[in-house]
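Coordinate analysis (summary)
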Amino acid sequence: MKKLRSSLLTFAFLGLMTVVASAAEGGVKEKTLLDLFEEGGWVMYPITIASVAMIWFIVDGYIRTSAGKLYPIDHVTQLRELFKKGDYVGAYAFAKTAGSPVADVVRAGVAFTPDGKTMTEEAILSEIVRIQGELKGRSSYLSVIGVCTPMIGLTGTVTGMMSAFETLGTSGVGDPSKLSGAIGEVLVATASGLFIAIPAFIAYYLLANRINKGIHDITEIVTGLFRAFPYDEVEGRKVGDEEIYAAKPDWSASSNVQG
């Protein structure tokens, strides 16, 4: 532990010497993004890919979790009008082609209304869980980016330190400019990884809150539609075109198989 601490102190001291020597030679030169990218080394390529992916997942997540995508007002209005008329076949047909999450939940519920209230509620809950899982599954990639980018930056830090100590071992401290590249790789790689990880985690938790709110709103809308639903009057009828696989038992077929 003492040796490690001594090595880190030596490394920090050499970095400070490099900065001082550079400033003494000609002042501190302001670096561009391209300079920082080149100075960061090979880890800047995966970090750049991760940053582009982060932006895409943030934009895609916020669009998908907006009210206009989860429960468009025109879809909700149309479904409410069809429910008021008692046109459940029409409501199923509209919900099947609407293509919004709230319509998918209504479609699943209406299709099971002939089987009673319990089956209808289970179908609604199952569809809500599916939609929630799909939305959270997409947003979870932001968490992956937030975890991986600091590790990538840390890898660049380790390789930069290895290069710096190798340079120190071969040339000593007589020429600090030879250490600047390796030290720059250490600092830029670490900073770049954190620069991507922090907004990725922030966006992940913000999207999680938006998803929870959106699912809650969908649940309230669907609950309002199915309130006082006449299950007795649609029992045994075929409302949607969902295929029913279970049929009456054919005991003769079972007997032939056993025989």
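Above this text is the structure in question.
Residues numbered from 1 in each chain as written. Predicted model: local features only at pLDDT ≥ 70, side-chain atom pairs only at ≥ 80, totals over all residues. Heavy atoms only, no water.

1. Section: the overall build of the protein
Here is the rule: By definition, any uninterrupted DSSP run of H or I lasting at least four residues is a helix, any uninterrupted run of E lasting at least two residues is a strand, and each is numbered from the N terminus. A simple rule labels every residue: compare its accessible area, found with a 1.4 Å probe on the protein chains alone, to the largest value its type can have, and call it buried under 20%, exposed over 50%, or partly exposed in between. Any two residues having at least one pair of non-hydrogen atoms within 4.5 Å are treated as being in contact. Each accessible area value is a Shrake-Rupley result obtained with a 1.4 Å probe; residue values ignore everything except the protein chains displayed when judging cover.
A tally of helices and strands in the protein yields eleven helices and zero strands. Secondary structure elements of the protein, listed N to C terminal, follow the sequence α-α-α-α-α-α-α-α-α-α-α. Classification of the 259 residues of the protein by burial places 37% in the buried group. Counted over contacts in the protein with a minimum sequence separation of 6, partners at least 24 positions apart contribute 80%. Of the roughly 16000 Å² that the protein leaves accessible, carbon and sulfur atoms contribute 63%.

2. Describing a negative patch on the surface
The condition is simple: Candidates for patches are residues over 30% relative accessible area with no salt bridge; among them, like charges are joined within 9 Å and nonpolar side chains (Val, Leu, Ile, Met, Phe, Trp, Tyr) within 5 Å. The term salt bridge refers to a pairing of a side-chain nitrogen on Lys or Arg with a carboxyl oxygen on Asp or Glu at a separation within 4 Å. In this tally, Lys and Arg are treated as positive and Asp and Glu as negative; His is ignored, and so are the chain termini. In this description, the location of a charge corresponds to atom NZ of lysine, CZ of arginine, CG of aspartate or CD of glutamate.
Taken together, D115, D232, E233 and E235 make up a surface patch of like negative charges. Assessed through its relative accessible area of 70%, D232 is described here as exposed.

3. A look at the side chain of T65
For T65, the position within the fold is in the loop between α3 (44-64) and α4 (67-70). Residue class for T65 comes out buried when judged on its relative accessible area of 8%. Aside from chain neighbours lying at most four places away, what touches T65 is L70, L207, R210 and I211.

4. Looking at the side chain of R107
On the secondary structure map, R107 appears in helix α7 (residues 101-111). Leave out the neighbours within four places in its chain, and R107 touches Y92, A95, K96, E127 and E242.

5. Thoughts on the packing of helix α5 (residues 73-85) against helix α6 (residues 88-98)
The condition is simple: Note on geometry: axes are C-alpha line fits, over the in-contact stretch for helices, and angles between N-to-C directions span 0 to 180 degrees. Orientation is classified from the angle alone, with under 35 degrees giving roughly parallel, over 145 giving roughly antiparallel, 65 to 115 giving roughly perpendicular, and any other angle giving oblique. In this scheme the handedness of a crossing depends on how the near helix is turned from the far one: anticlockwise by less than a right angle means left-handed, clockwise means right-handed. By the convention adopted, Pro, Cys, Tyr, Trp, Phe, Met, Ile, Leu, Val and Ala count as nonpolar, Lys, Arg, Asp and Glu as charged, and the other residues, Gly among them, as polar.
Relative orientation of the contacting elements α5 and α6 amounts to 165 degrees, with a least axis distance of 8 Å. When the axis of α5 is compared with that of α6, the two are roughly antiparallel. At the point where α5 passes α6, the crossing takes the left-handed sense. Touching H75, Q78, L79, L82 and F83 of α5 are Y88, G90, A91, F94, A95 and A98, all from α6. In terms of residue class, the contact of α5 with α6 is made up of eight nonpolar, three polar and no charged.

6. A word on the pattern of salt bridges
The final tally for this structure, using the stated rule, is eight salt bridges. For R138, the salt bridge goes to D60, with nearest N and O atoms at 3.0 Å. Taken together, the residues span a long stretch of sequence, with R138 in helix α8 (residues 117-171) and D60 in helix α3 at a distance of 78 residues. What makes D60 buried here is its relative accessible area of 15%.

7. Details of the nonpolar core
The line we're drawing: Only buried residues count toward a nonpolar core. Its members are Ala, Val, Leu, Ile, Met, Phe, Trp, Tyr and Cys residues joined through side-chain atoms within 4.5 Å.
Counting 31 residues, the largest nonpolar core has F83, V106, V110, V222 and F226 as the members making the most contacts within it. Only α5, α6, α7, α8, α9 (177-225) and α10 (231-234) provide two or more residues apiece to this core. Leave out the neighbours within four places in its chain, and F226 touches F83, V106, G109, V110, T113, T120, I124 and Y231. Of all hydrophobic cores here, the second largest spans ten residues; its members include A50, I196, A200 and L207.

8. Some remarks on the environment of I58
Relative to the elements of secondary structure, I58 occurs in helix α3. Considering only alpha carbons, one finds I58 and L206, 148 residues apart in sequence, at a separation of 9.8 Å. Not counting the four nearest positions on each side in its chain, I58 is found in contact with L142 and A203.

9. Looking at a nonpolar patch on the surface
A cluster of nonpolar residues, L194, I198, I202 and L206, forms a patch on the protein surface that exposes about 370 Å² of accessible area. Mapped onto the secondary structure, I202 falls in helix α9.

10. Things to note about α3
Operational definition: To estimate how far a helix should reach, multiply one less than its number of residues by 1.5 Å.
Here α3 contains 21 residues, and its C-alpha end-to-end distance of 30 Å stays within 8% of the 30 Å for a straight helix at 1.5 Å per residue. Taken as a whole, α3 has its buried residues at M44, I47, A50, S51, M54, F57, D60 and G61.

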